[in-house]
Amino acid sequence: MSDMSRLTGKIGDATLIEMSPDSLCDEDNNGCHHHHHDIDLDEYPHSQPDPSEVDKHQQSKDSVFFRDGKRRIDFVLSYVDDRDGERKQERRREYEANLQKAGLELETEDKLVSDDRKTYFVKIHAPWEVLATYADVLKIKVPFKENDIPVHQDIPMDWLFTPFRLPDHIMNPEPDYFTSPFNKGKIDFFLIDDKETFFPPSVRNRIVYYILARCPYHKTDREDKKGIKRLLNNGTYGSAFPLHDSRYWKPSRDSNSESERFNLYKHWAQFFSFFKEQPLNLIRKYYGEKIGIYFAWLGFYTEMLFFAAVVGLICFLYGLFTFDDNVWSKEICSEEIGGNIIMCPLCDKKCGYWKLNSTCNSSWQSHMFDNVGTVFFAIFMGIWVTLFLEFWKRRQARLEYEWDLVDFEEEQQQLQLRPEYETKCTSRRLNRVTQEMEPYLPITSQCARTFLSGATVIFWISLIIACIIGVIAYRLAVYAAFASIMKDSPTNNIHMVGSLITPQLATSVTASCINFVIIMILNLMYERVAIWITDMEIPKTHLEYENKLTVKMFLFQFVNYYSSCFYVAFFKGKFVGHPGDYIYMFGWSKLRNEECDPGGCLIELTTQLVIVMSGKQVWGNVQEALVPWVMNRWGSRKARSHPESRYSRWEQDHDLQNFGHLGLFYEYLEMVIQFGFITLFVASFPLAPLLALLNNIIEVRVDAWKFTTQFRRPVASKAHSIGAWQEILNGVAVLSVVTNAFIVAFTSDMIPRLVYMYAYSNDLSMKGYINNSLSVFNISGFSEDNRPDDGESPGWFNSSVITTCRYRDYRYPSGHEKEYSHTMQFWHILAAKLAFIIIMEHVAFMVKFFVAWMIPDVPSEVKARIKRERYLIQEYLHNYEVEKLKIQLSQRSDDCCCTPMIYPDISRHVVLSECL
């Protein structure tokens, strides 16, 4: 093995490379840098410089460099030295020694010069040799030629978009290059002007974290304990993070610092920039591709919501301005019709008889959402969802090319096993592809863990369903109480809204609020359970871990958030029986199933949707913005009073909140749940996209503000798509067509009205619809269990005069040969509903698949640029090899060059250092 580099440890297919001191020499400077401030391993832990020798006041508050002002700080580790922490000291000593063997350079800040006089900070710098070696291992793409393909962006009336634009140096912080995977053996092939700045900080911290995650800190005969994550979990280190490059509210005074954080805050994270475009290239450069893709998706989703919000608002205004055409509401509200129709009690014993015109207000409210415009909007949203997903694929393909992710495949991540998997899987087997021994989880253990995981998920989903059943029972029990209390209309004394409060509305609102509280509590509990059972499964890669957690969390959230809406939309009022033969909850209880208002259940579904959706969005934004801000203010309360020179860059970032590896997961989950609300139930509430649009305009800036000001800088990571969320969105899109078709058919009164108008009305009008839609029941048929108690019925009710009551259904009256069985009109309406569902679904799916077929996933321009880049890489590599061969042949007799050697015992994934 070469004396320049030797293998220190092989983790699956990931390799750490031990650098000798000579390999860190800089050939351009004809020698080596001697790092006087690095840790002396022989004297550790007393290797920290004497605080009296370090004048912290002379160091810039925003310094992101070692004390020599040249070597950049790529990562920072912090710890508090416990009195009885000898084991932790030993772990730190060995870990930091191994980091230095891997080529990293360390510099420690003594606790006496830290703000709290307790915390040590270990600053880490990756020299060029380490960066080049691991850039080769990780196949990081770097520029080799400026892009020579002209960009055609002739947009009609371009001047109209000027107010929404950002300065060009913010939108495009770097020139456009053709790129190729870095190859350490072909340094002069790439455009390297300055080795210190060739790799941007986001790439540097990604490489350093790759080493930190795989570096061993304790070796035994049985296993090597590895990774910064385990050291953080056991308290050896308190935190590990890369540094922001400046304060967010003003640029760094150091000319070598880019101050990208300040630019992001100034042009992106402030709320008054809500109408501006997002600087996606700068976001990607600073935070990495994974976070860049999230903000690109969120911005695109918000832009597309604008069109849905406009059409939804038009449909709502149509319902608002067509009140005068609402014949059935006029009939309900009129004294001659609605005032003379006596309705049957809505619950047993505690509910009295009531007049139809008491539901006048809810009938008018229902018309705003239950009209012809709603049907059009439901079909429109089916098409909108398809356009959104197809155009996002095109946008994503463009970003993949622009951000050098075209050849990035998830298989690359398969080579990077999770350190937890490598540690917990003690069994080894031969990989038939690589012919190398690799860790694996026995099939028996996999099955047992998967079974336990599935059982846990099913248990929690069952718990949600039980809670929903409890809320339904609350609705049934409390409705009777509200009806009894409100029989004499005491709420009319309440200013402004008193006349609008009905037993149905009071029950619906209180039940929705209780349901929302239950949802929030279950969420907090289940999040920890989902993470625990996913950890228990020991996924092999980070990608597999995220996908498993995504499925578990979304499945739970789907049932948690949407189950109450599904109940109101598809179950309430559908299984109530009829007077004299009511259906009860569970069959044996005294809780009678709920009925819909004469105006329909749609208005109640709207109420449920507004409360849960709006409550979740408001709570989410407050929680996202307020909690980190309060915690940061509390954590840095002492340091803020100190002079700037004493509050260093690493201490400022240390006082911020940590952005965990699941941070983006929760952001996606929040938006996908919102996407479900605006698609699955949009037929009941056309204003849902408008609410979502307003929320997302705030959400983009809140997330930007949070990332820029409240969180430590995340470790940059790559992602070429939004991952498993894409498939979830596709599934929700398909399901939304079905749910909206059923809502229009079974929850709204659209189909019964159309059947009445075209099949039963004499003059194709809606006159007489209300009378036609209500069946007649003989009061004498009530049993003692159903009949209202004495005093529950209003004063105007006289049982000797009023012998019948009406109820919402299509059944024959008493005395008919088919007494209380369904009439032929009921079957006509049912057939029409089923026909509507089939037609709407087929039309929506045909349009959906036609649009998906018409719109290619990758724009033709992007395809051409990809082909051009691949051609140029081949051509340039060929010319480079030819030129290199010519030089070698011409200098063979004069110069000594290192002969290539083959090491059969070393993995093909190992990349050795060059001979310098």
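Residues numbered from 1 in each chain as written. Predicted model: local features only at pLDDT ≥ 70, side-chain atom pairs only at ≥ 80, totals over all residues. Heavy atoms only, no water.

**Looking at the overall build of the protein**
Right, on to step 1. In terms of regular secondary structure, the protein is built from 26 helices and 18 strands.
Right, on to step 2. Looking at the 916 residues of the protein, the share that counts as buried comes to 54%.
Right, on to step 3. If you take every contact in the protein between residues at least 6 apart in sequence, the share linking residues at least 24 apart comes to 78%. (Helix = DSSP H or I, 4+ residues; strand = E, 2+ residues; numbered from the N terminus. Buried < 20%, exposed > 50% of the residue type's maximum accessible area, 1.4 Å probe, protein only. Contact = heavy atoms within 4.5 Å.)

**Comments concerning the packing of helix α9 (residues 289-321) against helix α20 (residues 663-680)**
Right, on to step 1. Between α9 and α20, whose axes approach to 11 Å, the crossing angle comes to 20 degrees. Classified by the angle between their axes, α9 and α20 sit roughly parallel to one another. For the crossing formed where α9 meets α20, the hand is left-handed. Residues K290, I291, I293, Y294, W297, L298, Y301 and L305 of α9 lie in contact with α20, whose contacting residues are L664, E667, Y668, M671, Q674, F675 and I678.
Right, on to step 2. Partitioned by chemical class, the residues of the contact of α9 with α20 number 12 nonpolar, 1 polar and 2 charged. (Axes fitted to C-alpha atoms, helices over the stretch in contact; angles between N-to-C directions. Parallel < 35°, antiparallel > 145°, perpendicular 65-115°, else oblique. Left-handed = near helix turned anticlockwise from the far one by under 90°. Nonpolar A, V, L, I, M, F, W, Y, C, P; charged D, E, K, R; others polar.)

**Regarding the nonpolar core**
Right, on to step 1. Residues W297 and W384 are the most contacted members of the largest nonpolar core, which totals 139 residues.
Right, on to step 2. No other element matches α9, which puts 16 residues into this core.
Right, on to step 3. Residues within four places of W297 in sequence aside, it is in contact with F388, W392, Y668, M671, I722 and L729.
Right, on to step 4. One finds A102, Y120, I140 and F182 within the second-largest nonpolar core, a separate group that totals 47 residues. (Core = buried A, V, L, I, M, F, W, Y, C linked by side-chain atoms within 4.5 Å.)

**Some thoughts on the packing of aromatic side chains**
Right, on to step 1. Tallying each qualifying case throughout the model produces 70 aromatic pairs.
Right, on to step 2. Between K123 and the ring centre of W650, over which it is positioned, the NZ or CZ distance is 4.3 Å. (Phe/Tyr/Trp six-rings, centres within 6.5 Å; stacked < 30°, edge-to-face > 60°. Lys NZ or Arg CZ within 6 Å of the ring centre and 35° of its normal.)

**Side note on the environment of A864**
Right, on to step 1. Mapped onto the elements of the fold, A864 is located in helix α26 (residues 860-890).
Right, on to step 2. Taking the C-alpha atoms as reference points, A864 and I149, 715 residues apart in sequence, are found 9.5 Å from one another.

**Looking at the sheet that holds strand β10 (residues 239-241)**
The strands that make up a sheet pair up through hydrogen bonds in the backbone, lying either parallel or antiparallel.
Right, on to step 1. Strand order in the open sheet formed by 4 strands is β4-β5-β3-β10, and the pairing between neighbours is antiparallel. A strand with exactly one partner marks an edge of an open sheet, and here the two such strands are β4 (105-109) and β10. Averaged over all pairs of adjacent strands, the angle between their axes in this sheet comes to 20 degrees, without regard to strand direction.
Right, on to step 2. With 6 bridges joining them, strand β3 (residues 75-80) and strand β5 (residues 119-125) adopt antiparallel strand pairing. (Pairing = 2+ DSSP bridges.)

**Describing a nonpolar patch on the surface**
Right, on to step 1. On the surface, a cluster of nonpolar side chains totalling about 780 Å² of accessible area is made up of L160, F161, F164, F271, F272, F274, F275 and I698.
Right, on to step 2. Mapped onto the elements of the fold, F274 is located in the loop between α7 (260-269) and α8 (280-287).
Right, on to step 3. Exposure remark for F274: the relative accessible area of 40% places this residue in the partly exposed category. (Patch = residues over 30% accessible without salt bridge, like charges linked within 9 Å, V, L, I, M, F, W, Y side chains within 5 Å. Areas by Shrake-Rupley, 256 points an atom, 1.4 Å probe, with all protein chains shown as cover. Salt bridge = Lys/Arg side-chain N within 4 Å of Asp/Glu carboxyl O.)

**Looking at the environment of S761**
Right, on to step 1. Position of S761 relative to the elements: it lies in the loop between α23 (750-760) and α24 (769-773).
Right, on to step 2. When the C-alpha positions of S761 and N772 are compared, they lie 9.7 Å apart, and in sequence the two are 11 residues distant.
Right, on to step 3. At 3.1 Å, the side chain of S761 and the side chain of D763 are in polar contact. (Polar contact = N/O pair within 3.5 Å; in protein donor to acceptor, adjacent residues only side chain to side chain.)

**Looking at unusual backbone geometry**
Right, on to step 1. A positive phi is found at D404, a non-glycine position, where the angle reads about 60 degrees.
Right, on to step 2. Along the chain, D404 turns up in the loop between α12 (372-402) and α13 (410-414).

**Observations regarding the pattern of salt bridges**
Right, on to step 1. Under the defined criterion, the tally for this structure stands at 32 salt bridges.
Right, on to step 2. Its salt-bridge partner being R67, residue E107 comes within 3.5 Å of it at the nearest N-O pair. In this pair, E107 is assigned in strand β4 and R67 in the loop between β2 (14-19) and β3, connecting sequence segments 40 residues apart.
Right, on to step 3. Residue E107 is classed as buried on the basis of its relative accessible area, which comes to 0%.
Right, on to step 4. Note that E109 is salt-bridged to R67, the shortest N-O span being 3.2 Å. Placement of E109 in strand β4 and of R67 in the loop between β2 and β3 is noted, with a sequence separation of 42 residues between them.

**So, the UniProt feature "transmembrane region" (unreviewed entry) in the protein**
Right, on to step 1. Mapped onto this numbering, the UniProt entry gives "transmembrane region" (unreviewed entry) at residues 294-321, 372-392, 457-485, 505-526, 675-698, 728-747 and 834-855.
Right, on to step 2. Between the end C-alpha atoms of residues 294-321 there is a gap of 40 Å, over a span that is 100% helix and 0% strand.
Right, on to step 3. Measuring from the first to the last C-alpha atom of residues 675-698 gives 16 Å, for a span that is 71% helix and 0% strand. (UniProt positions renumbered as here; feature names shortened; annotations may be inferred.)

**A look at the side chain of R753**
Right, on to step 1. With respect to the helices, strands and loops of the structure, R753 is situated in helix α23.
Right, on to step 2. What makes R753 buried here is its relative accessible area of 6%.
Right, on to step 3. In terms of polar contacts, R753 uses its side chain to reach the backbone carbonyl oxygen of D370, at 3.3 Å.
Right, on to step 4. When sequence neighbours within four positions are dropped, the list of residues in contact with R753 reads W328, D370, M766 and Y769.

**Looking at the packing of α7 against α8**
Right, on to step 1. Here α7 crosses α8 at 145 degrees, and the two axes come no closer than 11 Å. In this structure, α7 crosses over α8, and the sense of that crossing is left-handed. Note on element contacts: α8 touches α7 through L282, I283, K285, Y286 and Y287, opposite E260, R261, N263, L264 and W268.
Right, on to step 2. Tallied by class, residues from the contact of α7 with α8 come to 6 nonpolar, 1 polar and 3 charged.

**Details of the state of the cysteines**
In a disulfide, the sulfur atoms of two cysteines are covalently bonded to one another.
Right, on to step 1. A full pass over the atoms with the stated rule returns 3 disulfides.
Right, on to step 2. Between C333 and C360 runs a disulfide, and the two sulfur atoms are separated by 1.8 Å. Judged by the sign of its S-S torsion, about 100 degrees, the bond between C333 and C360 is right-handed. A residue pair is termed long-range when its members are at least 10 positions apart, and C333 in helix α10 (residues 327-333) and C360 in helix α11 (residues 360-369) qualify at 27 residues. (Disulfide = S-S within 2.5 Å.)

**Examining the side chain of S63**
Right, on to step 1. Tracing the backbone through its elements, the reader meets S63 in the loop between β2 and β3.
Right, on to step 2. Given the relative accessible area of 8%, S63 is considered buried.
Right, on to step 3. Within the local environment of S63, its side chain forms a polar contact with the backbone nitrogen of F65, the two atoms lying 3.3 Å apart.
Right, on to step 4. Aside from chain neighbours lying at most four places away, what touches S63 is R649 and W650.

**Things to note about the confidence of the model for the protein**
Right, on to step 1. Averaged over all residues, the pLDDT of the protein is 80; the fraction at 70 or higher stands at 83%.
Right, on to step 2. Across residues 897-916, confidence stays below pLDDT 50; counting only partners more than four residues off in sequence or on other chains, it has 35 contacts. (pLDDT = per-residue confidence, 0-100.)

**Considering the environment of R395**
Right, on to step 1. Looking at the element boundaries, R395 is found in helix α12.
Right, on to step 2. Residue R395 is classed as partly exposed on the basis of its relative accessible area of 27%.
Right, on to step 3. Through-space distance from the C-alpha of R395 to that of A296 is 8.7 Å; in sequence the pair is 99 residues apart.

**Thoughts on helix α1 (residues 86-101)**
Helical geometry: 3.6 residues make up each α-helical turn, so side chains three or four residues apart lie on a common side.
Right, on to step 1. Compared with the 22 Å implied by 1.5 Å per residue over 16 residues, the 23 Å span of α1 between its first and last C-alpha is a close match.
Right, on to step 2. Looking only at α1, the buried set comprises Q89, R91, R92, Y95, E96, A97, N98, L99 and Q100.
Right, on to step 3. The elements touched by buried residues of α1 are β3, β4, β5, α5 (201-212), β8 (216-219) and α6 (228-233).
Right, on to step 4. One or two steps after α1, the chain reaches G103, where phi turns positive at roughly 105 degrees. (Expected span 1.5 Å × (residues − 1).)

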